[in-house]
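Commentary on secondary and tertiary structure
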Amino acid sequence: MAAPNFTTASADSVIMLQTYTPPKEVIENMESELDRRFSTMGPQTITSLQEFRVMLQYEYGGSFGAGSTDGGNYPTGTGGAYNEGIMTPVEILLAITCTDLQKRIGSSGKTVIAVNPVDKLVADAHTKMPKKRNQSLQGFNTGQIATVSATYAGGGANPIALATTPFGSRLIDIQDTVQFMSGDGNFTLRGSAVVVDAPKNGIGTGNQITVDNVPAGVVAGDYVMVNNVASLSPLFFNGIQYIVSPNTTGEYLGMDRSLSYVQSPAYNANSLLTLGIVETFLTRMQQALGNTTYNRDRPKNFWYGHNAQRASWNQLGFAIQQVTMPTGKAPKFDGVPDTFTMEMIAGVEWLLDTVAAVDKLYFMDRASMIRCRFNDAPQFVPGQIEGIWFQRPSGSNTSSFKDAWLYDAVNYASRNNWTSGVIYGLTIQSSFSN
Amino acid sequence: MNNPLQDTPAEVTDKLLRWGGKNEHGDPNWRIILAENHLVQRAGMWTEFADETEQVQFETVGKDVRYTTRQIAPDAIRIGMFWVPLYPCQGWILERWFPASAYGSRQQWESALSQDGVTPMMGPFPEKGGYFMPSGGGPWPQIPLLEDVRASIAAWENAPHLHGTIDEAAIARAMQRDIEEADAKEEAQYEAFLKEVTYQRLSHLESIKGNPALSGFRNRLVNAQGLMSHT
């Protein structure tokens, strides 16, 4: 006997509605607080292709000494001493693309599609831009975002191991296009690649990236660079390793680093974060800032560092569970420090960032952090379609792709390098390198 | 005379001594002081400005901070060893005594030089340990409720951390664990989000299944309405 027809659920599948869970907001690290403090707080200087000049006075002038007006000669005097740093905005772009069908289906409403992916893409670009700026802000002024590990075998091996400190793969995201350049100081271009995977789970583990094709010639010690920065002499916007630096060679905004007033207070810890290191560094800052100024409770200072150093600080017992005032919220005693209350060192806020260098702790002065920008940035490049989209040509034909570019042009600096400092060489244990 | 406890009410010091005990040198383990009263000996070149001399004037606007700057000049530059405040803040703080090991090596402490590159900057090494404000211990504009302080002290004393001694392997494990926990937290938030969305998409009648009383009520309701299909 023939089996009865249409007696199964699968026979009814054509009338079943699909269910869904909308995408999580973003499944990637979107830390951007340091960028926000640099980039959106306080006044900015709108500039042009002409240079933005950061004027510094490092000497008041006047020659001091005893004298005699009873027949003696008057001493010769000196004038005020000035220098200037120069920087110009660096143009950066975040490119997004969609197709006409994406736009058509995306605009169909909730009964058809959970989220309009094109609208979301446009909105998310404004989140992604500060995130990428925050990542690049960790570096120097070359656009370097990672270093190929000394253990990398070369020969096209994929994945590519990255140096654990200071950043591992934490400044790189999946789908980023990155460049590889030689790490010998010549920045010789090896080629570019698209990142397929960039795991970040841990400090000593997972510091590697998988790319679509390893460019020929990538070897241990090479630099991983932001896409499209020029080879040989790459120039990107200034990062805090360039801005807050004790270096005595090289340049800062065009000024010689040997000038003491562009060298930031610093301390080479070469060990774990101890109370001795903190007190020594604070004394350096104290001498640079002036005693009375240092001792004033000022909202403009904050520490900036990676969560791993916070873990070290807590493990040593240098933190207690928050005691709040009677007018504040109730204390929480759940056995572990509350990471959502403000962390502090010596009474100064500690801004934690999972993309910060793991071997450094910065003491930043918000009032000295300055920036310049081109006018009306950031914004989407004005386009022909809906204000932002550009029609992509395809030879002599017309493609159904649409492109848009979120544009920004910024550069960052400190106008007083003595007000920010850095503890560097903080140990992260050898076990992290395993 | 440098006395960090000079402004602290005796009652506060007595209670903290009773709750927190003494260290191996006979000094209290915990104390509440004014941050500006904790002075330390430091050598080098010191630039002095008059009170209220601030190069930067702040104005808080929402979450933002705006500022204006002006040129200022130091009133004095002094060279030598001085008693100077340890903390760049003012107000009441809770301090804990830490053993000398928490300060790292004597060699490292003594090798720190002042700006002239010659003068030892840090004064005598704290060979009997010293007091430091742990994160979470202020500063406060007034002394907080002492019962809250007591609970916090108890939590610290009974916590499994290192209490100021150095154990590099334990610190390494803590650092690694912190990162892994951050990842796990993010994963858990995602799982909770999925669970919530899944729950929201369940039929409101799902909870009736398996409950005889609710099922009976439902059946009476649909019969009364003349609905023949299964609800």
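The next subject is the overall build of chain B. When you go through chain B residue by residue, the secondary structure sums to five helices and seven strands. Secondary structure elements of chain B, listed N to C terminal, follow the sequence α-β-β-β-β-β-β-α-β-α-α-α. Of all intrachain contacts in chain B linking residues separated by at least 6 positions in sequence, the fraction that spans at least 24 positions is 74%.

Bring the parts together and some accessible area is lost; that lost area is often taken as the interface size. When cut into domains, chain B gives domain 1 (10-46 + 79-165), domain 2 (167-200) and domain 3 (204-231). For domain 1 of chain B and domain 2 of chain B, the distance between their C-alpha centroids amounts to 33 Å.

Right, let's get into helix H5 (residues 275-289) of chain A. All names here are of chain A. The first and last C-alpha atoms of H5 sit 21 Å apart over 15 residues, in line with the 21 Å expected at 1.5 Å per residue. In terms of burial, H5 is largely enclosed, as 15 of its 15 residues are buried. A positive phi of about 100° marks glycine 290, the residue just after H5.

Residues and elements named next belong to chain A. In terms of nonpolar packing, the biggest core is built from 121 residues, with Ile145, Ile172, Val224, Trp303, Tyr362, Tyr412 and Ile423 touching the most fellow members. The biggest single contributor to this core is H5, with eight residues. Residue contacts for tyrosine 412: discarding those within four places in its chain leaves Phe38, Leu137, Phe237, Asn238, Ile243, Met369 and Arg371.

Moving on, we get to the sheet that holds strand E6 (residues 92-98) of chain B. Within a sheet, adjacent strands bond to each other through the backbone by hydrogen bonds, running parallel or antiparallel. Residue and element names in this part refer to chain B. Taken in spatial order, the three strands make up an open sheet running E1-E6-E7, and their pairing is antiparallel. Two strands close off the open sheet at either side, each with one partner strand: strand E1 (30-34) and strand E7 (130-132). Between one strand and the next, the sheet's axes are offset by a mean angle of 40°, whatever the strand orientation. Where E1 meets E6, five bridges bridge the pair, whose relative direction is antiparallel. The residue bridging tryptophan 30 from the neighbouring strand is arginine 96, located in E6.

Another aspect to go through is the sheet that holds strand E17 (residues 361-365) of chain A. All names here are of chain A. Across the sheet, which stays open at both edges, the six strands sit in the order E13-E22-E17-E14-E16-E15 with mixed pairing between neighbours. With one partner strand each, in any of the chains shown, strand E13 (266-271) and strand E15 (343-345) form the two edges of the open sheet. Within this sheet the neighbouring strands show an average axis-to-axis angle of 30°, counted without direction. Sheet topology places E17 next to strand E22 (residues 421-426); three bridges connect them, and they run antiparallel. In the sheet register, leucine 361 faces E22, and the bridge partner there is isoleucine 423.

Each value, and the rule that gives it
- Residues numbered from 1 in each chain as written.
- Chains lettered and ligands numbered in written order.
- Predicted model: local features only at pLDDT ≥ 70, side-chain atom pairs only at ≥ 80, totals over all residues.
- Helix = DSSP H or I, 4+ residues; strand = E, 2+ residues; numbered from the N terminus.
- Contact = placed C-beta atoms within 7 Å.
- Domains from an automatic or database assignment.
- Expected span 1.5 Å × (residues − 1).
- Buried ≥ 20, exposed ≤ 12 C-beta atoms within 10 Å, placed from the backbone.
- Core = buried A, V, L, I, M, F, W, Y, C linked by C-beta atoms within 7 Å.
- Pairing = 2+ DSSP bridges.
- Axes fitted to C-alpha atoms, helices over the stretch in contact; angles between N-to-C directions.

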